[in-house]
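Listed below, chain by chain, are the residues.
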Amino acid sequence: MLDVKLLRNDMDRVKQALAKRNKDYHLDDFVELDKTRRELIGQVEELKSKQNADSKEIPKLKKEGKDTTALMAEMKELSDRIKELDAKVAAVDADLEKFMYNIPNMPCDLVPAGADDSENQEMRKWGEPTKFDF
């Protein structure tokens, strides 16, 4: 499986290398999935940051004798939204993992491009091929 960083940072090189395999791997789908994943994670992290700040505020308000029901309700809404977004992140992660498993390794730069096995070049030969009598 290719490294995600390689796909993010050097997509053109990956596309050129995989073009030698004569198959379209729809690498632009990776870009969209990765973008979606990053956006969702950003939203989750932002909400978790707010949730942490609010959870630190609740003891202060209780100590001052103030009502915290509105803040608690807001915390419940934040928690539900975080769970919802975490589920979406998990779904996108699963799609991304499935996509990544279907992308083959890049062939070596020395490998000549060819349509199929018939265009392979014999580089060297060692010994005689075994001849079977069946």
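Residues numbered from 1 in each chain as written. Predicted model: local features only at pLDDT ≥ 70, side-chain atom pairs only at ≥ 80, totals over all residues. Heavy atoms only, no water.

Q: Whenever I open this one, the overall build of the protein chain confuses me. Can you help?
A: From N to C terminus, the protein chain includes 4 helices and 0 strands. Traced from its N-terminal end to its C-terminal end, the protein chain shows the element sequence α-α-α-α. Its C-alpha atoms give the protein chain a radius of gyration of 27 Å, clearly above 14 Å, the size a compact globule of 134 residues would have. With the C-alpha coordinates aligned to their principal axes, the bounding extent of the protein chain is approximately 90 × 35 × 20 Å. For the protein chain, buried positions account for 23% of its 134 residues. Within the protein chain, residue pairs in contact and separated by at least 24 positions form 73% of the contacts whose partners lie at least 6 positions apart. Charge-centre separation for the protein chain: the mean point of 25 positive side chains lies 5 Å from the mean point of 30 negative side chains. (Helix = DSSP H or I, 4+ residues; strand = E, 2+ residues; numbered from the N terminus. Rg over C-alpha atoms; globule rule 2.2 N^0.38 Å. Buried < 20%, exposed > 50% of the residue type's maximum accessible area, 1.4 Å probe, protein only. Contact = heavy atoms within 4.5 Å. Lys, Arg positive; Asp, Glu negative; His and termini not counted. Charge placed at Lys NZ, Arg CZ, Asp CG, Glu CD.)

Q: Would you take a moment to explain the packing of aromatic side chains for this structure?
A: Ring pairs (aromatic) are described by centroid distance and by the angle formed between their planes. The final tally for this structure, using the stated rule, is 2 aromatic pairs. Where Phe30 meets Phe99, the ring centres are 6.5 Å apart and the plane angle is 20°; that geometry is what we call stacked. Here Phe30, found in helix H3 (residues 27-64), pairs with Phe99, found in helix H4 (residues 69-101); they are 69 residues apart in sequence, far enough to count as distant. According to the relative accessible area criterion, Phe30 is buried, its value standing at 2%. Pairing Phe132 with Phe134 gives two aromatic rings, centres 5.4 Å apart and planes at 40°, and the pair type is tilted. (Phe/Tyr/Trp six-rings, centres within 6.5 Å; stacked < 30°, edge-to-face > 60°.)

Q: Before we go on, may I ask you to explain the packing of H3 against H4 in this structure?
A: When two helices pack together, you describe them by how their axes are tilted relative to each other and by the distance separating the axes. Running from amino to carboxyl end, H3 crosses H4 at an angle of 155°, the nearest separation of the two axes being 9 Å. Taken together, H3 and H4 sit at an angle that is classed as roughly antiparallel. Taken as a pair, H3 and H4 cross one another with a handedness that is left-handed. Residues of the contact of H3 with H4, tallied by class, amount to 20 nonpolar, 5 polar and 13 charged. (Axes fitted to C-alpha atoms, helices over the stretch in contact; angles between N-to-C directions. Parallel < 35°, antiparallel > 145°, perpendicular 65-115°, else oblique. Left-handed = near helix turned anticlockwise from the far one by under 90°. Nonpolar A, V, L, I, M, F, W, Y, C, P; charged D, E, K, R; others polar.)

Q: What should I look at first to understand the pattern of salt bridges in this one?
A: Between side chains of opposite charge, a pair can form as their charged atoms come close. Enumeration over the complete set of coordinates arrives at 10 salt bridges. One salt bridge in this structure joins Arg8 and Asp34, with 2.9 Å as the shortest N-O distance. Here the residue Arg8 occupies a position in helix H1 (residues 4-9), and Asp34 occupies one in helix H3, the gap between them amounting to 26 residues. By relative accessible area, Arg8 is classed as partly exposed at 33%. Each of Arg8, Asp34 and Arg38 takes part in a single network of salt bridges with overlapping partners. (Salt bridge = Lys/Arg side-chain N within 4 Å of Asp/Glu carboxyl O.)

Q: I'm lost on a negative patch on the surface in this one. Help?
A: Together, Asp24, Asp29, Glu32 and Glu39 make up a region of like negative charge exposed at the surface. With respect to the element layout, Asp29 can be found in helix H3. (Patch = residues over 30% accessible without salt bridge, like charges linked within 9 Å, V, L, I, M, F, W, Y side chains within 5 Å. Areas by Shrake-Rupley, 256 points an atom, 1.4 Å probe, with all protein chains shown as cover.)

Q: How should the nonpolar core be read in this particular structure?
A: One broad rule of soluble globular proteins: the nonpolar side chains tend to lie buried together. Grouped together as the largest cluster of nonpolar side chains are 21 residues, with contacts concentrated most on Leu7, Val14, Leu18, Leu27, Phe30, Phe99 and Ile103. Counting only elements with at least two residues in this core, the list comes to helix H2 (11-19), H3 and H4. If one sorts the elements of this core by residue count, H4 sits on top with 8 residues. (Core = buried A, V, L, I, M, F, W, Y, C linked by side-chain atoms within 4.5 Å.)

Q: Could you clarify how one ought to interpret the environment of Gly127 in this entry?
A: Within the secondary structure layout, Gly127 lies in the segment after H4. On the basis of relative accessibility, which here comes to 47%, the residue Gly127 falls in the partly exposed class. The spacing of Gly127 and Asp109 is 18 residues in sequence and 28 Å in space, taken between C-alpha atoms.

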